[in-house]
Amino acid sequence: MVDYNFREIEEKWHSIWRKERVFEPEIDQNKKSFFINVPIPYPSGSLHLGHFYTWTRADIYARFMRMRGFNVLFPQGFHLTGGPIVGVAKRVKEKDPETLEFFKKQGVSDSELEKFSDNPYEVATYFCDTFRSDFENMGMSIDWRKLFITTSLNPHFSKFVQWQFNKLRSLGLITEGRHPVVWCPKENTPLGDHDRSEGEGESPQKFTIIKFRSGDIVLPAATLRPETIFGATNIWINDSKQYSIVEVNGERWVVASDSIAKLSLQIPGIKRMDNISPKTLLNMEAINPVNGEKIPILGAGLVDTEIGTGVVMSVPMHAPFDFYYFKKAGLKIKPKKVIDVVGDDNIVEDAIKRFGETDGGLKEATRFVYKKEFNTGVMNSMAGDLSGLQVKDVDEPISDLLRSKGAYSEMYELTGKVVCRCGAKGVVSVLEKQWFIRYSDKEWKTKTRKLIERMNIYPEDARLQFLNTLEWLGDKGAARKGGLGTPLPWDSEWIIEPLSDSTIYMAYYTIADKIEKIPLESIDDGLFDFIFYGKDDGKETYKKKFSSLREGFMYWYPVDLRLTAKELLQNHMMFFLMNHTAIFGEEHWPRGMEINGWLTVGKEKLSKSKGATLTVKKGLEMWGIDQLRMIATAGNGMDDVEWDPVSVNAFSQRIRFVLDTVEGMNIFGDEKTIIDRYLISKMNRIIAQATSEVEAFRYGNAISSSFFGMYNEFRLYLELGGRNKSSIQRFLSVFVGLNHPFFPHITEEINRRLGNKELLESSAWPSQNIEEIDDVLENEIESLINTVEDIKNIIKLIKKKPEKIQISLAGKDKFDIYNTVARETKNSKNVIEIRRAIKLNSKVLDKLLKNPDKLPVKVLDINVEMEVFEESVGYLEKTFDCKVKVERNSEEDKAMPGKPAIKIV
RNA sequence: GCAGAGGUAGCGAAGCGGUCAAACGUGUAAGGCUAAGGACCUUAUGGCUUAGGCCUUCGAGGGUUCAAAUCCCUCCCUCUGCACCA
C-alpha cells in the first residue's frame, strides 16, 4: 500500500485554489449570488475545536453552493467592541501574572508584550492576526478581501454604525431612559456576571412601591404583589430599628434608615431630612390609596429593613408571614380575601398547616401561596375594578390604578446575594439617561415575526424559539461608557455596546474592500443612504463617484445564510433580525439561518479553559484538515454533539483504499454485468439522498450515505465480482463530487488522479439520473445478500462444511401473490384489511401475513431474481467453497420470493 | 422560576407509527494475513436456539392502536438562553 502524505496534498490544493482565486467571487449578473457568513468572533487567543466546528459547517455549505453554480461570498471580520481587550491591555501594564502567562503560552515575545501595555490597539492587532492565520490554516474558503474590524479603530466602519444609529433614531426606535443594573458600590461600575465572586445569574427584580399616606407623610410599602392591596389590614414596621424621613420629589417618605444608602442609588435627588421614631409611627394611621380605608401601623420583627423600604403592607389572607403575625397581634379587624383559588378557600391557613409555623415553614408556605395564586388565582369582588381578572394578567392594571391615585412608585432588589470580586456586596443602581433600542416596539415585532415565519431556519425547531423570544424581548441598553467601540453619533460620551453594533454589519461586507479606500471626509450618512437605499442628492453626486458600492450591495444582499451556535439565538441572532426589518426593505431581509449545538470532547464543553488545550493548531498537526473536518459531521441539529477523535480513523482507512483503487485502475476491464447496473442505480439514489441531507445541514446523515454508504456499495460491487473500468471511473467521480464539500483537499486530489481536468471546487455538483434507478434490482440484490446471510447461519448451525448448495427460487405464482400484497401494503398495513382487499385463499398468502411486523413491502421480480442469482453463482461458490446450483420454478414449499429455499448437503 | 431542545445498544449517532434487535461510525473479542506490530480481511458483539426461528429491549410509569423507539399524559434527568455580557 502506498503511503500518502495528506498534509502535503492539502497544502498543494490550498495554494492552487488561492492562485485560481476560487474563493474571491466577482460580481456576475449572469450568476446567482449566495451570501453566507458566520458571526464575527471576539478575538481572545487561539481558535479551538469549537470554532472549527461552526466554521467548518459554514465552509461545507459554501463549497456545496459553489458546486451548485452559485456565486458564493463567504467573508469574515472580527469584533473588537467591548471591554475585555481594554482589560487585557490594562492587566499587562499592571503585570498581572495570569495575563503575562497567557501571552507567553501563546508565544508572544517580551518586546511584543511591552507594546501591549495599556495599548488595546496593539492587543487587538495581535489577536486579529492570530485569528486570521488560524482560519487560513483551517483551509476555510473565506474571501479575505472583505475582512474588516469593528470599533473606531476602523473609522470607516464606525461611520457605518453611526449611520445605522441615526437611522434607528429617526425611526423613533431609540429612546432615553433609566435602567437598573447590578452595581458594585466600591468600584462604582456595573457588576457583570464575570466580575462576581458570588451570585452569577442574579439580577434586579422590580418591586412596586405603594404610597400609603398619613397626613403629609408617605409610607412607601415595597411589594412584589401590589394586587393584594385590596386586602391590606395594616402596615408593618420593625419597631426595633431606626426610621428616617427622606424627601423624594417634594414628598416626605418614611423609610428604614438602613435602606437609605440603597435607595439613593435608585431614586434621584433623595434627601434625608429627619429621624422619626418607630413609636411615633405606631401611633399613626395610614390611608389605603385604592379604597380610602384607614389602617393601623404595627410593629413586628418580621420586617427586614435590609429589604425594600422597611415599610411593609400586611395582607394576612394572601401572605403567610402576615397571617401569622396578624393573628399574634390579636387585632379585631377581619382580614379580606381578594384572590380566589378554586378548591382552596383558606390557602394561607392551609399552607401554614402544611409547612409549619417556623421561619422556614412560613417561607415555604409563602412560595407555595404565591405560585399557586399567581398561576391559578382570580381577583374576586373585593378587588374593585380588577374583579374577574386573572392574577397573572393583573400587573399592568394594578400599576395603572395606583398611578391614577398618585400612589405608585418602584424600586429594585437583587434576586439573590451578589458579591463583587473586589469583595464588596453588590446592589442595584438605576442608571439615568441610558440610551435604549426599543426592541419592545409592537409594530417592529410584528414585522420581525413575519420575517421569522417565512425564512429558512435549520433546524426547524429553532423557529419556535425565535418566535418565543420575540414575545419577551424588551428594550435593550445600547450604549455604555467604557470599552472599545463606536461613539453614539449624537452623544459621543457614550460608546455603542457590542451586541448593538453588530446587527447589520453583514451589509458592510458587500462594500468593505471598496469603502475603506474612500477618504473618511467623503463619507457621510448620505453615502450610506445611497448605497443601501439608492437615494441620491438630485445631482447624482453619489452615483457618479460611488456606484460600484451600490452595485456590490445590490448584488450580494440579502444574507442568504447565517450560521451560529445556539447560545447566540436569543440575543445576537434576534437583534440581527430585528435590525434588518427596521432598516432594510423586505427584499434585503435575511433569507436563512442555521443554528448548531455545542461540540463536546470527552463530554466536556469546549469552553475557554478546555479550548486552550484543544486548539485548532494541535488538531491540524495530529490529523490534518480533511480528517479533522469529520468533526463537522458529528451530529445534526441543535443538540450538543460529542466528538471522539478516534473516529477519524474511519476516514483515512477508506480514503487510502480509494486512492489505491485509483492507482490500480488498469486491472479493470470492459465487461459489464447486472452488478454494474446495480452500482449505478445505488449511486443515483445516493446522489439525491446526500443532496437533500446537505441542503438541510444534516451533515452526519449526508456523509453516512455519500461517504460511508458509497464506500460500502463500492466494496460490495467488487465483492460481487464487479470489474468494469468505466463504471468504477464514473462511480468514483461522483463519490469525490459528493464528498468534496466535506473533504475538499483529498477529493480534489483523487479527482485529478481519476483524470478529471477541472477543479472540483469549480465543477458541478453530481446530478441524479432517475432513469438509472432500478428498485427491483436493488431489492433483488438485497435478497441475494440476505440469502448469503441465511446460508452462513445454517452452516454455522449444522457445523459442517457444505459439499453442495442448492438454491431454489419461488415460482411465478408466489411472486404474483407476493407483489399483490406488497402493493396492498401501500394502502394499508392492517393485516385484516389486506386480507379483505385481496380475497384469496392461499397458503402463500397466510405465510406472508403471518407476522404483521414483517409484511412484504418491496416489489420483486422472478426474472430479475433469477438473473441476480445466476450471475452470482461464481461469487457464491467462491464464498462457500463448494458447488452451488440455482434453479427456478421450484415446487419447494419453503421458497418464497426474495427468500429462496436453501438445501445444503 | 420562565422559554426552547433532548434522553436509543460499550461509546458517538440515525430512525420519529408497520421492511426495527434498530442504519452508519467507533470500540471490544476470536480467526486470517504478517518475521512482528500497525493497516487490511472474516466472524461475533441483548438473550436463547443443531436449518434460516423464538423471547426481552430504545430515561421511568401509564394510555391510544391490529401495530409504538416513533402519538398522548405524568414523573425523573441533561443542555441552551434569560440582556449591558462577548
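About the cut-offs
Residues numbered from 1 in each chain as written. Chains lettered and ligands numbered in written order. Predicted model: local features only at pLDDT ≥ 70, side-chain atom pairs only at ≥ 80, totals over all residues. Heavy atoms only, no water. Helix = DSSP H or I, 4+ residues; strand = E, 2+ residues; numbered from the N terminus. Rg over C-alpha atoms; globule rule 2.2 N^0.38 Å. Buried < 20%, exposed > 50% of the residue type's maximum accessible area, 1.4 Å probe, protein only. Contact = heavy atoms within 4.5 Å. Areas by Shrake-Rupley, 256 points an atom, 1.4 Å probe, with all protein chains shown as cover. pLDDT = per-residue confidence, 0-100. Phe/Tyr/Trp six-rings, centres within 6.5 Å; stacked < 30°, edge-to-face > 60°. Lys NZ or Arg CZ within 6 Å of the ring centre and 35° of its normal. Pairing = 2+ DSSP bridges. 1 Å grid on protein atoms, 1.4 Å probe; cavity = no way out; pocket = protein on both sides within 12 Å on 5 of 7 lines; lining within 4 Å. Points joined across faces, edges and corners; volume = space filled by probe spheres on them. Nonpolar A, V, L, I, M, F, W, Y, C, P; charged D, E, K, R; others polar. Axes fitted to C-alpha atoms, helices over the stretch in contact; angles between N-to-C directions. Polar contact = N/O pair within 3.5 Å; in protein donor to acceptor, adjacent residues only side chain to side chain. Arc of directions from axis to C-beta.

**Student:** How do you make sense of the overall build of chain A when you look at a structure like this?
**Tutor:** A count of helical and extended segments in chain A gives 34 helices and 32 strands. The C-alpha atoms of chain A give a radius of gyration of 37 Å, which is well past the 29 Å a tight globule of 905 residues would have. C-alpha extents for chain A along the principal axes are approximately 115 × 75 × 60 Å. Within chain A, the proportion of its 905 residues that are buried is 54%. In chain A, 77% of the contacts between residues at least 6 apart in sequence involve partners at least 24 apart. Accessible surface for chain A amounts to roughly 41,000 Å². Of this, 49% is attributable to carbon and sulfur atoms.

**Student:** Hey, could you run me through the confidence of the model for chain A in this one?
**Tutor:** If pLDDT is low for a region, its predicted coordinates should not be looked at in detail. Put simply, chain A has an average pLDDT of 87, and 98% of its residues get 70 or more. In the model of chain A, helix α21 (residues 608-611) stands out as the element of lowest mean pLDDT, 52, in contrast to strand β2 (residues 71-73), which has the highest, 97. Confidence estimates for the predicted assembly give a pTM of 0.86 and an ipTM of 0.91.

**Student:** Which parts of the structure should I look at to understand the packing of aromatic side chains?
**Tutor:** Any aromatic ring pair is given by two values, namely how distant the centres are and how the planes are angled relative to each other. A full pass over the atoms with the stated rule returns 61 aromatic pairs. An angle of 45° between the planes, with centres 5.8 Å apart, marks the rings of F157 and F160 as tilted. Note that F157 and F160 are positioned in helix α7 (residues 155-170) at a spacing of 3 residues, about one turn of the helix. In this pair, the class of F157 matches that of F160, namely buried. A cation sits over an aromatic face here: R225 above Y370, 4.5 Å from the ring centre. Over the face of the ring belonging to F657 we find R715, whose NZ or CZ atom lies 4.1 Å from the ring centre.

**Student:** Explain the sheet that holds strand β3 (residues 174-184) here, please?
**Tutor:** Spatially, β4-β3-β19-β21 is the arrangement adopted by the 4 strands of the open sheet, whose pairing is antiparallel. Of all strands in the sheet, those bounded by a partner on one side alone are β4 (189-190) and β21 (476-477). Where strand β19 (residues 427-437) and β21 come together, 2 bridges link them in antiparallel fashion. Across the sheet, the residue bridging to F436 is G477, located in β21.

**Student:** Help me understand the side chain of D529, please; the structure alone is not making it clear to me.
**Tutor:** On the secondary structure map, D529 appears in helix α18 (residues 525-533). Excluding anything up to four places from it in sequence, D529 contacts W163, K167, G534 and K535.

**Student:** I keep staring at the layout of surface pockets and nothing clicks. Help me out?
**Tutor:** Here the idea is plain: a probe the size of a water molecule rolls over the atoms and shows the empty space left. In this structure, the second largest pocket spans a volume of roughly 1,500 Å³. F207, L224, D304, I307 and G308 are, among the 46 residues lining the second largest pocket, the residues nearest its centre. Taken together, the elements giving at least two residues each to the lining of the second largest pocket come down to β6 (204-214), β7 (217-223), α8 (260-264), β14 (311-314), α10 (320-329), α12 (359-376), β17 (408-414) and β19. Looking at the lining of the second largest pocket element by element, the count peaks at 5 residues for α12. For the lining of the second largest pocket, the per-class residue count stands at 20 nonpolar, 14 polar and 12 charged.

**Student:** What should I look at first to understand the sheet that holds strand β20 (residues 456-458) in this one?
**Tutor:** Two modes of strand pairing occur in sheets, parallel and antiparallel, and in both the strands are linked by backbone hydrogen bonds. Ordered by their spatial adjacency, 5 strands build an open sheet running β2-β1-β25-β26-β20, and the pairing between neighbours is parallel. Each end of this open sheet is capped by a strand with a single partner; those strands are β2 and β20. With strand direction ignored, the average angle separating the axes of adjacent strands in the sheet is 15°. Pairing analysis gives 3 bridges linking β20 to strand β26 (residues 592-596), with the strands arranged parallel. Paired with Y458 across the bridge in β26 is E594. Against the sheet, helix α2 (residues 49-67) engages β1 (33-37), β2, β25 (561-565) and β26, with an angle of about 175° to β1.

**Student:** In this structure, what is going on with the side chain of H572? I would like to understand it.
**Tutor:** Here H572 shows up in helix α20 (residues 569-583). Taking relative accessible area as the criterion, H572 reaches 5% and is therefore assigned buried. Within the structure, the side chain of H572 is placed 2.7 Å from the side chain of R562, a separation counted as a polar contact. With near-sequence residues (within four places) excluded, H572 lies in contact with P39, L499, S502, Y505 and R562.

**Student:** Help me understand empty space enclosed by the protein, please; the structure alone is not making it clear to me.
**Tutor:** One pass over the full model with this rule turns up 1 cavity of 30 Å³ or more. Empty space within the largest cavity amounts to approximately 40 Å³. F6, I9, E10, W623, D626, Q627, F651 and I746 together form the lining of the largest cavity. Counting residues per element, the ones that place at least two in the lining of the largest cavity are α1 (6-20) and α23 (625-628). Broken down by element, the lining of the largest cavity gets its largest block of residues, 3 residues, from α1. Per-class residue counts for the lining of the largest cavity are 5 nonpolar, 1 polar and 2 charged.

**Student:** Just checking my understanding: could you explain the environment of I504 for this structure?
**Tutor:** Following the sequence through the fold, I504 ends up in the loop between β24 (491-496) and α16 (506-509). Sequence separation of I504 and V776 is 272 residues, and the distance between their C-alpha atoms is 53 Å. Dropping the residues within four chain positions of it, I504 is found in contact with F160, W163, Q164, Y557, N579, H580, I583 and F584.

**Student:** What am I meant to see in the pairing of β3 here?
**Tutor:** Residues in a regular strand point their side chains to alternate faces of the sheet. Summarising the sheet, β3 and β19 pair through 9 bridges and their orientation is antiparallel. What sits directly across from W183, in β19, is V427. Note: β3 against β4, 2 bridges, orientation antiparallel. Across the sheet, the residue bridging to C184 is T189, located in β4.

**Student:** What exactly am I supposed to notice about helix α22 (residues 616-623) here?
**Tutor:** Since the α-helix packs 3.6 residues into each turn, any two residues three or four apart lie on the same face. Looking only at α22, the buried set comprises V616, G619, L620 and W623. What you see down the axis of α22 is that its buried residues fit within an arc of 100°, all on one side. Seen from the buried face of α22, the exposed residues on the opposite side, beyond 90 degrees, are K617, E621 and M622. Just beyond α22, the residue with positive phi is G624, at close to 80°.

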